[in-house]
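Inside the fold
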Amino acid sequence: MKLIEVKQVSKKYGDNVVLERLDFSVEAGEFCTMVGTSGCGKTTFLRMLLGEETPSGGQILLDGKPLPDEPGEDRGVVFQRYSVFPHLTVIDNVMLGAELKSSRWIGKSFGARRQEIRREAKELLDAVGLDHALSRYPAELSGGMQQRLAIAQALIMKPRVLLLDEPFGALDPGIRTDMHHLVLKLWRETGVTVFMITHDLKEGFSLGTRLMVFDKIRRDAQAPNAYGATITYDLPLKHADQSTQDSIASEVAQTSRLLAGAK
Amino acid sequence: MRLINLSPSKPLAAVLGLLPFIVLLLLYLNASEARLAENPNDKLLPGLTAMVDSVQRLGFTEDVRSGEYLLWSDTQASLKRLATGLAVSASLALMVGILLGTLPYFRALAGPIVAAISMVPPMAILPILFIVFGLGELSKVVLIVIGTAPVMIRDMAQRVLDMPREQFIKLQTLGGNSWHLMLRVVLPQLLPRLLAALRLSLGAAWLFLIAAEAIASTDGLGYRIFLVRRYLAMDVILPYVVWITLLAWLMDIGLRVLSRKMFPWFHGQQEGEA
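Residues numbered from 1 in each chain as written. Chains lettered and ligands numbered in written order. Predicted model: local features only at pLDDT ≥ 70, side-chain atom pairs only at ≥ 80, totals over all residues. Heavy atoms only, no water.

This brings us to the overall build of chain B. If you tally the helices and strands in chain B, you get 11 helices and zero strands. The secondary structure elements of chain B, listed N-terminal to C-terminal, are α-α-α-α-α-α-α-α-α-α-α. A globule of 274 residues ought to have a C-alpha radius of gyration of about 19 Å, yet chain B, at 24 Å, is considerably larger. A principal-axis box enclosing the C-alpha atoms of chain B has dimensions of 80 × 65 × 30 Å. Considering chain B as a whole, with its 274 residues, one finds that 42% of them fall into the buried category. (Helix = DSSP H or I, 4+ residues; strand = E, 2+ residues; numbered from the N terminus. Rg over C-alpha atoms; globule rule 2.2 N^0.38 Å. Buried < 20%, exposed > 50% of the residue type's maximum accessible area, 1.4 Å probe, protein only.)

A separate point is the domain arrangement of chain A. Residues and elements named next belong to chain A. Taken as a whole, chain A is organised into domain 1 (27-52 + 65-74 + 160-263) and domain 2 (82-158). Placing the centre of domain 1 and that of domain 2 at their C-alpha centroids yields a distance of 27 Å. Of the residues lining the interface, 12 residues belong to domain 1; the matching set on domain 2 comes to 12 residues. Both faces combined, the contact of domain 1 with domain 2 buries some 1,100 Å², and carbon together with sulfur accounts for 72% of it. Joining domain 1 to domain 2, the criterion identifies one salt bridge. Residue Lys101 is joined to Glu73 by a salt bridge in which the shortest nitrogen-to-oxygen separation is 3.4 Å. Along the contact surface separating domain 1 from domain 2 lie three residue pairs in polar contact (both at pLDDT 80 or more). It is helix α5 (residues 173-190) that contributes the most residues to the side of domain 1 that touches domain 2, seven residues altogether. Here the residues of the side of domain 1 that touches domain 2 are counted per class, giving eight nonpolar, no polar and four charged. (Domains from an automatic or database assignment. Contact = heavy atoms within 4.5 Å. Buried area = accessible area lost by both parts, 1.4 Å probe. Salt bridge = Lys/Arg side-chain N within 4 Å of Asp/Glu carboxyl O. Polar contact = N/O pair within 3.5 Å; in protein donor to acceptor, adjacent residues only side chain to side chain. Nonpolar A, V, L, I, M, F, W, Y, C, P; charged D, E, K, R; others polar.)

To continue, consider the side chain of B:His267. Residues and elements named next belong to chain B. Considering the arrangement of structural elements, one finds His267 in helix α11 (residues 264-273). On the accessibility criterion, His267 (12% relative accessible area) is buried. Only 2.7 Å separates the side chain of His267 from the side chain of Ser259, close enough to count as a polar contact.

Looking now at helix α4 (residues 104-117) of chain B. Under the 1.5 Å per step criterion, the end-to-end length of α4(B) is 20 Å for 14 residues, consistent within 8% with the ideal 20 Å. Largest kink in α4(B): about 45 degrees, centred on B:Ala110, with the proline B:Pro112 one to four residues after it. (Expected span 1.5 Å × (residues − 1). Bend = angle between axes of the 7 residues up to and from the residue.)

Here the focus is the pairing of strand β6 (residues 75-78) of chain A. Residue and element names in this part refer to chain A. Residues Arg75 and Val77 line one face of β6 and the alternating positions Gly76 and Val78 line the opposite face, and both faces are buried. Examined bridge by bridge, β6 and strand β7 (residues 161-165) share four bridges and lie parallel to one another. The residue of β7 that forms the bridge with Arg75 is Val161. (Pairing = 2+ DSSP bridges.)

Let us look at the environment of A:Glu116. Tracing the backbone shows A:Glu116 in helix α3 (residues 111-127). Each C-alpha atom of the pair A:Glu116 and A:Arg47 lies 33 Å from the other, and the pair is 69 residues apart in sequence.

All names here are of chain A. The sheet built from four strands is open, its strands ordered β2-β1-β4-β5 with antiparallel pairing. Because the sheet does not close on itself, it has two edges, and the strands there are β2 (16-27) and β5 (65-66). One ladder, built from two bridges, connects strand β4 (residues 57-62) with β5; its direction is antiparallel. Residue pairing across strands places Leu62 opposite Lys65, the latter belonging to β5.

Written out as structure tokens, the structure is:
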């Protein structure tokens, strides 16, 4: 069963075509990494999956039904920054999703229900390695810990799809590797379908089951915005070898220079 | 070393901070003494003894006519008006500010009128308030509200708009609806900012309080100052001004301490960013 079907999707802002001719589908449980240079519409595509943006043309189906026009609990998200709520402690941040579900009016739970949610949140925090920081505020955590928290917070909803927008872009290389292990572990355990944007080609290749390269192949020097980016490579990852990686790297770098020159 | 790289030690900074106060006091005492030497009945720059006498008379002896201690009854009346006005303003700012900041439809509807109202000079409509609400307590409180609420409302709305959009998206992915967003994300993050806005509004609130009391009142700190002006009673006016300044200063400190106690996450965050 196809979880997500992207049918001839395009996105433009006025005359500026950002994305065009996106056409593919994703099975439940896949881990898709999306790479490409800045301005090639990776984030725009993620926002369309999220429901924050709507396609200008075409359609995105989730479980065979058109995606709603607003974010919902079946699609969790972790941004590069600001993913967690600064006024809530670590445990409260994770409990929030479950609490909102249990109380329509005040979004807070009490008594036995609260204890149950708390236990569930604690287990998740255990899994991401934050069980020692339950009552701290996000501002007291390092960047890596904040991202761990954001992942736990998203997972309490048991989303069908987890969207990661350069989640490790602001982290140190060593911590990044730890985070890769964590994400892979959680992905295997939960079976959630992951879309992850990254700038780092190596990261794109080493994580996940499928690599999508966003690139601008049609270019018009007179009208740089006339054509949008699309997916130029869509690779199952076990088949990717070093030479493919190298040629993708050089193509992406070339587009990046061209886009920089066009500005 | 360059001047910009030199900073005083803590005790020295305290001394430096006190210095202007001491200089000002000495200048006043000197001038007062000089004038009193020439004319012992001079009213313009009364000496310390005259002022202490006035405070003694107004603050610690019963008024013959009303049987009240005037300084305290004035203070009580003024603070009650000030607190009521600011409480109404703060509640309005919180409610309207949240709606303006979170709901685009409400912003389209109410944004322009709030912006327009905030441009009306409050003192210019004071006569209208007296006509509509009479000369009683209500018109004074309403003046404070009209003087402080619009700015606070716009400040709160802007603070909501300044919150990272990521948080709004995130809450929706956690299954939250519009009401959840206001209650669990926007409101708690706005409260410390409301206290900050209150601190900034204190000056304006006092201004409108004194103005209203000066024009139509039978008690209050502003009333007293303007009453004794007729007798050139600087020995009363000066201690009253010092007292008002002290009250305003204490409120400012109180709000700051309250904010630090109640919202540690907010102040931790600010220091982290600085």
